[in-house]
Amino acid sequence: MTRLACWRSIALAAALLLPIAALAATPYWCNAPAGWSAIMAPLERTAARISTGGPLNIVAIGSSSTVGVGATGLEQTYPSQLQEALSAHFPGVDIHVINRGISGQDAPEEVARLSADVVALHPDLVIWQVGTNAVLRRDNLAADGESMRAGIALLKNAGIDVVLMDLQYAPRVLDRSAFGVMEDLIADTANETHVGLFRRFALMRYWERMHPSDAPPLIGADGLHMTDAGYACLASDLAAALEANWRSEEKLARRAHGAIDGLARLKQGPFNELDRWLGLP
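Worth saying up front: this structure is predicted, and the values here are computed from it rather than measured.

Peer 1: I'd like to hear about the nonpolar core, residue by residue, with values.
Peer 2: Core analysis: the largest hydrophobic core is formed by 70 residues, its most contacted members being Leu82, Leu164, Leu242 and Trp246. For this core, the leading source of residues is helix α12 (residues 228-267), giving 10 residues.

Now the structure itself:
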């Protein structure tokens, strides 16, 4: 691990403790253990937007769980609740989350519309929910990995931060043998392309195991789509993960600026202390 990566991990671990007070109203079964929802890849563009007061534009692309199938209204979808949660975390920043989900699509179809539906909006961050429909339709997922890599390259070439959100933990998904393969494929793709990963599948499995019997269900009667309560948990934990990532980047930026300023003061000192320290003539 490089020194920068080590500092980033330390900063992110510290930042993960910050959103707890803001999430006090969130049902306890939605709060993941520390680190489970961490987005480790640096989201430098969005962190810079936050540090300068915005505006910050986010596009959510994906299929039915981005559209919000199963929610009772537009305000209960995860992108709408994410915008509300982030605005609460950063009250002085103008934050917009645009919903570009289309039910039934998977990676190849989403890649085909990235330029028109996403890049044309000039977002700072794209949250790409992917994987569920592919698992429901087929067992051979090799082409999906290629599509994800192509889509990520397109977004990164446009200077956009990217977070991949993996598949939902739901009975109809668990009935398919390829769900574990897809979970690993998305994680490997995020790691290889150095983009963020939000581990929704693992989080939902944790929520399900912690879920009290008298609480509202997180998955609807169709065994696939999330409910208002499920979308609320998703938005809450995703907002906390994004905040932690951005605050860790802010700390790293301040530390880097401090080091540069310190070197400059040494260089400009009356006896040129930097050159003396380096043994230069």
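Peer 1: Can you explain the pattern of salt bridges? Please cite residues and give values.
Peer 2: In the structure shown here, the tally under the stated rule is 9 salt bridges. Notably, a salt bridge pairs Arg137 with Glu109, separated by 3.8 Å at the nearest N-O pair. Of this pair, Arg137 sits in helix α7 (residues 132-137) while Glu109 sits in helix α5 (residues 107-112), and the two are 28 residues apart along the sequence. What emerges from the salt-bridge pattern is a single network uniting Asp106, Glu109, Arg137, Arg138 and Asp144.

Peer 1: Would you mind going over the sheet that holds strand β2 (residues 95-101) in detail, with residue names and values included?
Peer 2: Strand order in the open sheet formed by 5 strands is β2-β1-β3-β4-β5, with parallel pairing between adjacent strands. Of all the strands in the sheet, the pair left with one neighbour each is β2 and β5 (196-198). On average, each strand axis in the sheet is inclined to that of its neighbour by 20 degrees, with strand direction left out of account. As paired elements, strand β4 (residues 161-165) and β5 share 3 bridges and run parallel to each other. From the neighbouring strand, Val163 faces β5, where its bridge partner is Gly196. Relative to the sheet, helix α10 (residues 179-193) contacts β4 and β5, its axis offset from that of β5 by approximately 155 degrees.

What counts and how
- Residues numbered from 1 in each chain as written.
- Predicted model: local features only at pLDDT ≥ 70, side-chain atom pairs only at ≥ 80, totals over all residues.
- Heavy atoms only, no water.
- Core = buried A, V, L, I, M, F, W, Y, C linked by side-chain atoms within 4.5 Å.
- Buried < 20%, exposed > 50% of the residue type's maximum accessible area, 1.4 Å probe, protein only.
- Helix = DSSP H or I, 4+ residues; strand = E, 2+ residues; numbered from the N terminus.
- Salt bridge = Lys/Arg side-chain N within 4 Å of Asp/Glu carboxyl O.
- Pairing = 2+ DSSP bridges.
- Axes fitted to C-alpha atoms, helices over the stretch in contact; angles between N-to-C directions.
- Contact = heavy atoms within 4.5 Å.

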